[in-house]
Amino acid sequence: MDFTSNFIVQLINGIALGSTYALIALGYTMVYGIIMLINFAHGEIYMVGAFVGLALVTVFKVHIIIAFLGAMLFCMLMAVSIEIIAYRPLRRSKRLAALISAIGISIILSNLVNLLVGPKPQTFPPIEEILFEIKSYDLIAGAQINTLQILLIVVSAILMIGLQYIVKRTKVGKAMRATSQDYDTAALMGINVNRIISYTFAIGSALAGAGGVLVGIYFGVVKYNMGMLPGMKAFTAAVLGGIGSIPGAMFGGIILGVIEMMTVAIGLSSYRDAIAFGILILVLLIKPTGLFGKQIFKKV
Amino acid sequence: MTLLNGLLPPYIESIAITVGIYIIMALGLNLITGVTGQLSLGHAAYMSIGAYASAIVSLQLGMPFIFALLAGGIAAGIFGLIIGYPTLRLTGDYLAIATLGFGEIVKSLLFNMPIVGGAMGLAGIPYKSTLTVTFILVVIVIWMMLRVERSRFGRALLAIREDDIAAECYGINTSLYKVKMFVLGTFIAGIGGALWAHKIMVLQPRDFGFMKSIEILNMVVLGGLGSIPGTVLGAIVLTSIPEVLRFSSDYRMLLYGALLVIMMRFRPNGLLGGVDVTKLVKKSIKSITGSNFTNKEKKKVKGGD
Amino acid sequence: MIKSKKIFWVLSILLILSLTLVGCGGAKDEPAPKEEAKKEEAKAPAALKIGFLGDLTGDTAMYGQNTLDGMKMAVEDINGAGGVLGSNFEIVEADHRYDKAEAANIVQKFVNSDKVIAVIGDPTTGITKATAPIINQGNVVQISAGATGPGVVEIGPYIFRNTLLDSVGGPTTMDYLVNELGWKKVALITAVNNDFSVGLSAIFKEGILKNGGEVVIEESVQDGDTDFSGQVTNVKKSGAEVIVFSGYYTEGGLIMKEVRKQGMSDIIMVGGDGLQAPTFWELGGSAVEGSVSYAGFSPEQPTPEVEKFIERFKAKYGKAPDLFHAQGYDAVMLVAEAIKNANSADPKVFKDALAKIQDYPGVSGNTSFDANREPIKSPVYLLQVKDSNWTLLKKVPVKK
């Protein structure tokens, strides 16, 4: 393999990995945009989504597409209840109080799954049995892409375009944008802010649940602590893109995935995290509000 | 010097030392996050720098413990300056993520440095963090914190936390104060790390992950942001809870998580947030002693305010 | 200034109070006063307590949980057969969620409050080294069922381990790889955040070079990663004939899956005993067929003890045992054996009997302890995955 083909393969690897970050990052950025909360439990919601999908496929033997939708629905309901129980009462308190509450929820979720399923990694049924055979297609210069990568990238893209449509073109989306701009004024304008916040949690978490099932299919493994690391990376991706910005989260995720893969490609795989986070800090120093973030002027 | 050692049963003594180390670490973070209002998610990184630096001083140079302690604090403080100076320009959660990123970078570099043993880490560090040493350091750090809080410096910091733009208008050089505070906070974290290294005797990079930073942050917020007695209480509560919950080994961490949520639900400002402990103590003393309080003493108390 | 001084004293008093409170709270856990205990002893011997030290909720929970399951079965077996010297065994378990400070507290509790006679654990070298000085000082026997790295048993005469050492299995496997399988170009993959993997990789590398092989590429992964596409692409580019991986089964299975996904259909994985678990092929499926690793026992030519163990384990837990199950089981059995040989349940006495054990037919291999108390499992078996099971490739005796 020559340099170009290697580069293209690693680029595809990076985009595929980045798509999973992006799906989780969207939930972070939406919740942050509307109530300024770093929702630490978001990575665990992604993990629960993967387990719900797995249970639906292996125990209830439903079709993978139904399992996919089932996991999204489950995560929606779960996140809305979490918001009502753990975050809503703290909305008027210091922001860090809600953050600690979110950390508590995250600890509860991962330990609950550990208790129910055990610490052993669970296997997703092979993709050949539930969907299709994996095939590889030739791209230019001998580089290849396989059907799983196409699936992951395409489904993520559809979900993100769907989200963009909801936020930009629907009434709920308009209300969301209004609430995120000014919570109190939105309420005065007759927007039911509580309901809009519930919608935000529901949509963001549905995406995380979808991400969980997709990753389960893609890597074939789900584990009780799988939410932690991608959760942290996704949050980083959201900040890299400019937190609160939806396109920022998408590109932030993909950029982070590609940076990681390129680090591996040049033979520095053991410095993968160091370089990814180093670039993040550099970007923030040059552009303190992330790549797509809006400059915030503080009222005096 | 060995006054306290061996006074408690060894299991309790071990927990008490751990509590003491966490009090020191939490007080350091309280200075950054509680007093100055800069959210840091990478406190464990400074702890690890302090721990490794002190371990190297002990193992390679064979110097007395006091030098190891200082080396730990100074090394962490230097990194605090290097990181704090450029990043403290960032605001709010952008700073949080930069500190988180720094924590991951430090961990990643430690894994790749043969001089500190990589994943295998350093072993054979002498056991020096006795209860007496830890207790003395806790007292010194609390005393330092109180001095800072009551000084002109401390009042400037509070002003920065409440409204940094207004503070700037009153002629407070906010970024200078922020950096100074950050360095002091990381210095204390380094001392905590040095104590940790000489209690646990083995250091590995994975001991200082993101969750360790979060654990320390939990203590500060749970106790009450900016409150010194609160932070101390938070560290005591959150370090002892896992031990107290040991009876139900299966549900232990589940209960720990639930307690975090419940405590925040009912005390969103922290256990001692918004409580003036001095006033509380004075009140209770008054109510106990009642009329026995002489006028002279009352005057003295008033004068103190 | 007066005020600040006052607060200072108030805080100091609070601190002392709280420390004593914690002390009083904990004191309740301590066993009944000695006199009562003595009376009971006269009637029926109290159970012999064995501490389980491991992680049940943190990053290494899988290894901790499996060790504990293996230990539980061993205790059941011992008590079912009437116990040792007339006393039953009892496990005291404590989870340290992969936190060294908690682990240190736990062993203080084991040694001083629970009065255990032996501690089994930790499966990782790091926590074993952090706890061994405390246990050794408390005159209690520790057997780590998993610590393979250097510098463990040197800590003291009470510290043992029941594992197949890297320095035994590693060179044997690399010798076979280069000289008998004839692969010279090797891709070496290390889990950089796993001390076991880092240590074993160094031994593997030495073995490869000594036998005239060549490491064409070195890649790093991390325990807990699921995406290995970048590293595998590099391996593909390097033209390696075989992948040598020193980490654990979860990552091993996933790496091989990615290898097949990227179209390398005939390259196999050779690894250490970290690959010894059914999870390896549960995750890897057909991709791990043909993979080679070493172990202290062969499922194909099982001794009667091993056969019985596997059968009963499946009946009890509904799954096949892995390396950690077997080592946890054996660790308890070794303690029982030592107590029987010494005719005493006092760690000061039976530690010497433990060090003298030779050719104990354990389920994790034939175990002896050498003059330095290091375990020797001989012979070493090279095993290969066939139809989702380990089959025997070669039996290599180890010099004692």
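Cut-offs applied
- Residues numbered from 1 in each chain as written.
- Chains lettered and ligands numbered in written order.
- Predicted model: local features only at pLDDT ≥ 70, side-chain atom pairs only at ≥ 80, totals over all residues.
- Heavy atoms only, no water.
- Core = buried A, V, L, I, M, F, W, Y, C linked by side-chain atoms within 4.5 Å.
- Buried < 20%, exposed > 50% of the residue type's maximum accessible area, 1.4 Å probe, protein only.
- Helix = DSSP H or I, 4+ residues; strand = E, 2+ residues; numbered from the N terminus.
- Domains from an automatic or database assignment.
- Contact = heavy atoms within 4.5 Å.
- Arc of directions from axis to C-beta.
- Axes fitted to C-alpha atoms, helices over the stretch in contact; angles between N-to-C directions.
- Parallel < 35°, antiparallel > 145°, perpendicular 65-115°, else oblique.
- Left-handed = near helix turned anticlockwise from the far one by under 90°.
- Salt bridge = Lys/Arg side-chain N within 4 Å of Asp/Glu carboxyl O.
- Phe/Tyr/Trp six-rings, centres within 6.5 Å; stacked < 30°, edge-to-face > 60°.
- Lys NZ or Arg CZ within 6 Å of the ring centre and 35° of its normal.
- Polar contact = N/O pair within 3.5 Å; in protein donor to acceptor, adjacent residues only side chain to side chain.
- Nonpolar A, V, L, I, M, F, W, Y, C, P; charged D, E, K, R; others polar.

Caption draft 1: Region of the structure containing the nonpolar core. Of all hydrophobic cores here, the largest spans 266 residues; its most connected members are Phe40(A), Tyr87(A), Leu41(B), Trp196(B), Leu203(B) and Ile255(C). Of the residues forming this core, the biggest block, 17 residues, is contributed by helix 1 (residues 10-35) of chain B. When residues of this core are assigned to domains, at least three map to each of domain 1 (31-164 + 301-369) and domain 2 (167-295 + 381-396) of chain C. Not counting chain neighbours up to four residues away, the residues in contact with Leu203(B) comprise Ala51(B), Tyr52(B), Ala55(B), Met120(B), Gly121(B), Leu122(B), Ile125(B), Trp196(B), Ala197(B) and Phe208(B).

Caption draft 2: The arrangement of helix 6 (residues 152-162) of chain B in detail. Residue and element names in this part refer to chain B. All of the buried residues in helix 6 are Phe153, Gly154, Ala156, Leu157 and Ile160. Buried residues of helix 6 fall within an arc of 160 degrees about the axis and therefore sit on the same side. Summarising the geometry of helix 6, the exposed residues directed more than 90 degrees from the buried face are Arg152, Arg155 and Glu162. Check the buried side of helix 6 and you find it contacts helix 1, helix 5 (131-150), helix 7 (164-169) and helix 8 (174-200).

Caption draft 3: Summary view of the packing of helix 1 (residues 3-35) of chain A against helix 6 (residues 147-169) of chain A. All names here are of chain A. Taken N-terminus to C-terminus, the directions of helix 1 and helix 6 make an angle of 30 degrees; their axes are 9 Å apart at the nearest point. Regarding the angle of helix 1 to helix 6, the classification is roughly parallel. Considering only the axes of helix 1 and helix 6, their crossing is left-handed. Within the contact between the two elements, helix 1 uses Ile12, Asn13, Ile15, Ala16, Ser19, Thr20, Ala22, Leu23, Leu26 and Met30 and helix 6 uses Gln149, Leu152, Ile153, Ser156, Leu159, Met160 and Leu163.

Caption draft 4: Geometry of the pattern of salt bridges. Going through the model one piece at a time under the given rule, you end up with 26 salt bridges over all chains. Asp273(A) serves as the salt-bridge partner of Lys233(A), at 3.3 Å between the closest nitrogen and oxygen. Highlighted residues: Lys233(A) in helix 10 (residues 228-241) and Asp273(A) in helix 12 (residues 272-286), separated in sequence by 40 residues. Since its relative accessible area comes to 5%, Lys233(A) is described here as buried. Asp273(A) gets classed as buried once you look at its relative accessible area, which sits at 7%. Notably, a salt bridge pairs Glu93(C) with Lys72(C), separated by 3.9 Å at the nearest N-O pair. Taken together, the residues span a long stretch of sequence, with Glu93(C) in strand 2 (residues 89-95) and Lys72(C) in helix 3 (residues 61-80) at a distance of 21 residues. It is possible to trace a salt-bridge network through shared partners that takes in Glu215(B), Glu243(B), Arg246(B), Arg252(B), Asp95(C), Arg97(C) and Glu102(C).

Caption draft 5: Representation of the packing of aromatic side chains in the model. Taken as a whole and judged by the stated rule, the model has 23 aromatic pairs over all chains. On the numbers, 5.5 Å between centres and 35 degrees between planes, the contact of Tyr28(A) with Phe235(A) is tilted. In this pair, Tyr28(A) is assigned in helix 1 and Phe235(A) in helix 10, connecting sequence segments 207 residues apart. A centroid spacing of 4.7 Å and a plane angle of 75 degrees characterise the contact between Tyr218(A) and Phe219(A), whose relative ring orientation is edge-to-face. Taken as a pair, Tyr218(A) and Phe219(A) share a single burial class, namely buried. Over the ring of Tyr218(A) we find Lys261(C), and its NZ or CZ is 4.5 Å from the ring centre. One cation-aromatic arrangement involves Lys351(C) over Tyr158(C); the distance from NZ or CZ to the ring centre is 4.8 Å.

Caption draft 6: Up close: the interface of chain C and chain A. Listed by partner, the interface residues are 29 residues for chain C and 32 residues for chain A. Between Lys120(A) and Glu282(C) there is a salt bridge, with the nearest N and O atoms lying 2.9 Å from each other. Between chain C and chain A we count 13 residue pairs in polar contact (both at pLDDT 80 or more) in total. Those elements that place two or more of their residues in the side of chain C that touches chain A are helix 3, strand 7 (214-221), helix 8 (229-238), helix 9 (249-261) and helix 10 (279-284) of chain C. Here the side of chain C that touches chain A gets seven residues from one element, more than from any other, and that element is helix 8 of chain C. Taken together, the residues that form the side of chain C that touches chain A break down as six nonpolar, 14 polar and nine charged.

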